[in-house]
Amino acid sequence: MDTNAPILTLHDVVAGYGAMTILNGTNFDVRRATITTVIGPNGAGKSTVFKTIFGMLKPRSGSILFKGKNIAGMQPRDLLARGICYVPQGRNIFPELSVRHNLELGGIAADSSIDINARIEAAMDRFPILRQKQNAQASTLSGGQQKLVEIARGLLLDPELILIDEPSIGLSPLMVQEIFQILKDLRAKGVTILMVEQNARSALQISDDGLVLELGRTRMSESADTLLNDPRVGQLFLGGAMEPAA
Amino acid sequence: MAAFIQLFVSGLATGAIYALVAVGFMLLWQTSQTINFAQGEFVMIPAFFVLWAIRFLGIDFWPAVGIGVIVSLIILGFLFKRMIVDPMIKHGVLPMVISTIALSIFLKEMVKDFYSSQAQPFPGLIPSSDLNFFGAVISTQNIFILIIASLTVVALNFLLNGTRLGRAMQATAQNPTVARILGIPVERMILYTFLINAALVALASFLISPIYLAKFTNGDVLGLAAFIAAIVGGFNQVRGAIVGGLVLGVTENLAAAYISAQYRGAIPLILLIVVILWRPHGLMGRAEERTV
């Protein structure tokens, strides 16, 4: 397979809720083994793009190509099997289940040839804090640790593409650095990451590419450096010369 | 003392039945936000499925019980979900509640009109006899009820906490959106809880009808008891519903004997008010947080 071909391509995707259209013909490519950050004002459709890619919202028209196959309208379960995982915004653990059982459910869509317990062990080797807390009820973990559970759970099926929505929200700066480091390590292993991040400047700093979404359309699709240095982008989304509020 | 033990054990037995009904009631609420006000009638009617099978199919008691279970699973589990909950839940909790109240009236009237308005004897699942226990007379029926209810609770607990399927069901109850993102077949998990509820009410029906006879009005008391047991125990915990059911059964029985039999019906309501004032989220429940 051509490794330079984009792993994900959105072509004229239109989607929305009820009478409201959020994505008005969104187009973009995501290159393999890169981190791509989507930025844009509130209501631009950043989270909606993810929901549409991941089958939570059926596109009205357009195509979504993952490794060359149209996946538009497929169910999450099928997308997981194809190697996509989605880590939504906010807290997404099962609060009353233990950390181990939260991780285990990340493998629920796996086919029977996959040894889930071995995968859980590997995840806990990678994130030792999760081993330490494996029997604790997930709600007792700190926000950062809960995010780690979510990421580890998402990685259980060895995805090729990770959609991660606002991973830094509500986390300490130290924890944000840790999460970003995890994303960089994943990229080094060939995993592709598509991220929405309010902390746009820090996100672009670890990204290869950036997308600017406005009113459900792709306004700019550039290298992350170009966006970081673009005065218009700086004015609009990066808080001008000031650091964005954490 | 002997009288106290007698009352206590028979209260526990009734309470164990309340607990089974309350657990089912709560599972429906947790996984699908269904408040089933027909839950009492759901306990009343499986006994009539059995009586109906005996009378009209001319079969023996045990095969009829088998039919009762199957018909309960289909009607009170599958069809209840498909024909009432699925279409109504989109419109919110209140229309859902009203529909289940309508269903309760429908089931009650149906039994009255098409079977009988008279209380019907219902055979016990085991032969009834009395055991003498340190001077207290305890019926084998009550012991049997306690054993069956305990085994059911243990089995249910194992299913929910000890198996991957059960944890997927819990995950569905705790966060359906994320459950779907992980590829859990959310709809199927919800259907399973409806089937579990149907099995629980059928069991409760077969346990309680030999004692109180099968009558179309049985659901009034049972539905209220299950509702109160769930609230007293804490609406979001299975073990809460169990504790709530047992507390209610025992309190009711002891109060009827030692305070006033006439006020028996008021006891659950008093218990409810006291618990709500003292612990608004129930004996075992947690306060539910809600983002505003």
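Residues numbered from 1 in each chain as written. Chains lettered and ligands numbered in written order. Predicted model: local features only at pLDDT ≥ 70, side-chain atom pairs only at ≥ 80, totals over all residues. Heavy atoms only, no water.

**Some thoughts on the overall build of chain A**
Logical step 1: Secondary structure summary: chain A contains 10 helices and 10 strands in total.
Logical step 2: The C-alpha atoms of chain A give a radius of gyration of 18 Å, which matches the 18 Å a tight globule of 246 residues would have.
Logical step 3: Expressed along its principal axes, the backbone C-alpha trace of chain A runs to roughly 50 × 40 × 40 Å.
Logical step 4: Sorting the 246 residues of chain A into buried and exposed places 54% on the buried side.
Logical step 5: Of all intrachain contacts in chain A linking residues separated by at least 6 positions in sequence, the fraction that spans at least 24 positions is 67%.
Logical step 6: Summing over all exposed atoms, chain A offers an accessible surface of approximately 10,700 Å²; the carbon and sulfur share of this is 49%. (Helix = DSSP H or I, 4+ residues; strand = E, 2+ residues; numbered from the N terminus. Rg over C-alpha atoms; globule rule 2.2 N^0.38 Å. Buried < 20%, exposed > 50% of the residue type's maximum accessible area, 1.4 Å probe, protein only. Contact = heavy atoms within 4.5 Å. Areas by Shrake-Rupley, 256 points an atom, 1.4 Å probe, with all protein chains shown as cover.)

**A word on the interface of chain B and chain A**
Logical step 1: Each partner contributes residues to the interface: chain B has 19 residues there, and chain A has 25 residues.
Logical step 2: Across the chain B to chain A interface the summed buried area is about 1,900 Å²; carbon plus sulfur atoms make up 60%.
Logical step 3: Counting every contact that joins chain B to chain A gives 2 salt bridges.
Logical step 4: A salt bridge links Glu104(A) to Arg164(B), with the shortest nitrogen-to-oxygen separation between them at 3.4 Å.
Logical step 5: Linking chain B with chain A are 7 residue pairs in polar contact (both at pLDDT 80 or more), by the criterion used here.
Logical step 6: At the level of secondary structure, the elements contributing two or more residues to the side of chain B that touches chain A comprise helix 6 (164-174) and helix 7 (176-181) of chain B.
Logical step 7: When residues in the side of chain B that touches chain A are grouped by element, the largest group, 6 residues, is from helix 6 of chain B.
Logical step 8: Of the residues assigned to the side of chain B that touches chain A, the class counts are 8 nonpolar, 7 polar and 4 charged. (Buried area = accessible area lost by both parts, 1.4 Å probe. Salt bridge = Lys/Arg side-chain N within 4 Å of Asp/Glu carboxyl O. Polar contact = N/O pair within 3.5 Å; in protein donor to acceptor, adjacent residues only side chain to side chain. Nonpolar A, V, L, I, M, F, W, Y, C, P; charged D, E, K, R; others polar.)

**Some points on the confidence of the model for chain B**
Logical step 1: On average, residues of chain B score 91 in pLDDT, and 98% of them reach the 70 mark or higher.
Logical step 2: Scored as a whole, the predicted complex attains pTM 0.89, and scored at its interfaces, ipTM 0.89. (pLDDT = per-residue confidence, 0-100.)

**Examining the layout of surface pockets**
Logical step 1: In this model, the largest pocket occupies a volume close to 1,800 Å³.
Logical step 2: Lining the largest pocket are 41 residues, with Pro95(A), Glu96(A), Gln174(B), Asn236(B) and Arg286(B) positioned closest to its centre.
Logical step 3: Contributing elements (two or more residues each) for the lining of the largest pocket: helix 1 (2-32), helix 5 (140-162), helix 6 and helix 10 (238-258) of chain B.
Logical step 4: Class assignment for the residues of the lining of the largest pocket results in 16 nonpolar, 17 polar and 8 charged. (1 Å grid on protein atoms, 1.4 Å probe; cavity = no way out; pocket = protein on both sides within 12 Å on 5 of 7 lines; lining within 4 Å. Points joined across faces, edges and corners; volume = space filled by probe spheres on them.)

**What to know about empty space enclosed by the protein**
Logical step 1: This model, assessed by the stated rule, comprises 1 cavity of 30 Å³ or more.
Logical step 2: The calculated volume of the largest cavity comes to roughly 90 Å³.
Logical step 3: Lining the largest cavity we find Leu80(A), Cys85(A), Tyr86(A), Val87(A), Pro88(A), Gly106(A), Glu150(A), Arg153(A), Gly154(A), Leu157(A), Ile181(B) and Leu182(B).
Logical step 4: Listed by contribution, the elements that provide at least two residues to the lining of the largest cavity are strand 6 (84-87) and helix 6 (143-155) of chain A.
Logical step 5: In terms of residue class, the lining of the largest cavity is made up of 8 nonpolar, 2 polar and 2 charged.

**Remarks on the packing of helix 1 of chain B against helix 5 of chain B**
Residues and elements named next belong to chain B.
Logical step 1: Helix 5 packs onto helix 1 with a crossing angle of 30° between their chain directions and a minimal axis gap of 8 Å. The orientation of helix 1 with respect to helix 5, classified from their angle, is roughly parallel. Considering only the axes of helix 1 and helix 5, their crossing is left-handed. Of the residues in helix 5, those touching helix 1 at Val9, Ser10, Leu12, Ala13, Ala16, Ile17, Leu20, Val23 and Leu27 are Asn142, Ile145, Leu146, Ala149, Thr152, Val153, Leu156 and Leu160.
Logical step 2: For the contact of helix 1 with helix 5, a count of residues per class yields 14 nonpolar, 3 polar and no charged. (Axes fitted to C-alpha atoms, helices over the stretch in contact; angles between N-to-C directions. Parallel < 35°, antiparallel > 145°, perpendicular 65-115°, else oblique. Left-handed = near helix turned anticlockwise from the far one by under 90°.)

**A word on the pairing of strand 3 (residues 35-39) of chain A**
Residue and element names in this part refer to chain A.
Logical step 1: Burial runs high along strand 3: 5 of the 5 residues are buried.
Logical step 2: Burial along strand 3 is two-sided: Ile35, Thr37 and Ile39 and Thr36 and Val38, pointing in opposite directions, are all buried.
Logical step 3: Looking at chain direction, strand 3 and strand 9 (residues 209-214) are connected through 4 bridges and run parallel. What sits directly across from Thr36, in strand 9, is Asp209. (Pairing = 2+ DSSP bridges.)

**Quick notes on the sheet that holds strand 1 (residues 8-17) of chain A**
Residues and elements named next belong to chain A.
Logical step 1: In spatial order, the strands read 2-1-4-5; together these 4 strands make up an open sheet with antiparallel pairing. The open sheet terminates on both sides in strands that have one partner only, identified here as strand 2 (20-30) and strand 5 (69-70).
Logical step 2: As paired elements, strand 1 and strand 2 share 8 bridges and run antiparallel to each other. Within the sheet, the bridge partner assigned to Thr9 lies in strand 2 and is Asp29.

**Here we look at the pairing of strand 1 of chain A**
All names here are of chain A.
Logical step 1: Counting the residues in the hairpin turn of strand 1 and strand 2 gives 2 residues, including Gly18, whose phi is positive at 55°.
Logical step 2: Where strand 1 lies against strand 4 (residues 61-66), 5 bridges are found, and the strand directions are antiparallel. Each bridged residue has a counterpart across the sheet, and for Val14 the counterpart in strand 4 is Ser61.

**A word on the packing of aromatic side chains**
Residue and element names in this part refer to chain B.
Logical step 1: Inspection of the entire model under this criterion finds 12 aromatic pairs over all chains.
Logical step 2: Measuring from ring centre to ring centre gives 6.1 Å for Trp52 and Phe56, while their planes differ by 45°; the resulting arrangement is tilted. With Trp52 and Phe56 both in helix 2 (residues 39-57), this residue pair falls 4 residues apart, about one helical turn.
Logical step 3: The exposure class assigned to Trp52 is partly exposed, which follows from its relative accessible area of 42%.
Logical step 4: What makes Phe56 partly exposed here is its relative accessible area of 48%.
Logical step 5: Between Phe61 and Phe122, the aromatic rings sit 5.7 Å apart at their centres with planes inclined by 75°, giving edge-to-face as the arrangement. (Phe/Tyr/Trp six-rings, centres within 6.5 Å; stacked < 30°, edge-to-face > 60°.)

**Considerations on the sheet that holds strand 10 (residues 217-223) of chain A**
Residue and element names in this part refer to chain A.
Logical step 1: Taken together, 6 strands build an open sheet; the order of strands is 6-7-8-3-9-10 and the sheet is mixed. Each edge of the open sheet carries a strand with a single partner, namely strand 6 and strand 10. Put simply, the sheet's adjacent strands are angled 15° from each other on average, direction ignored.
Logical step 2: Here helix 7 (residues 173-188) sits on the sheet and contacts strand 3, strand 7 (161-165) and strand 8 (192-196); the angle it forms with strand 8, its principal contact strand, is near 150°.

**Observations concerning the side chain of Asn36(B)**
All names here are of chain B.
Logical step 1: By the element assignment, Asn36 lies in the loop between helix 1 and helix 2.
Logical step 2: Separated by 2.9 Å, the side chain of Asn36 and the backbone nitrogen of Ala38 make a polar contact.
Logical step 3: A distance of 3.0 Å separates polar atoms of two side chains, one belonging to Asn36 and the other to Gln39.
Logical step 4: For Asn36, the contacting residues outside a window of four places in its chain are Phe25, Leu28, Phe42, Phe80, Thr100 and Asn197.

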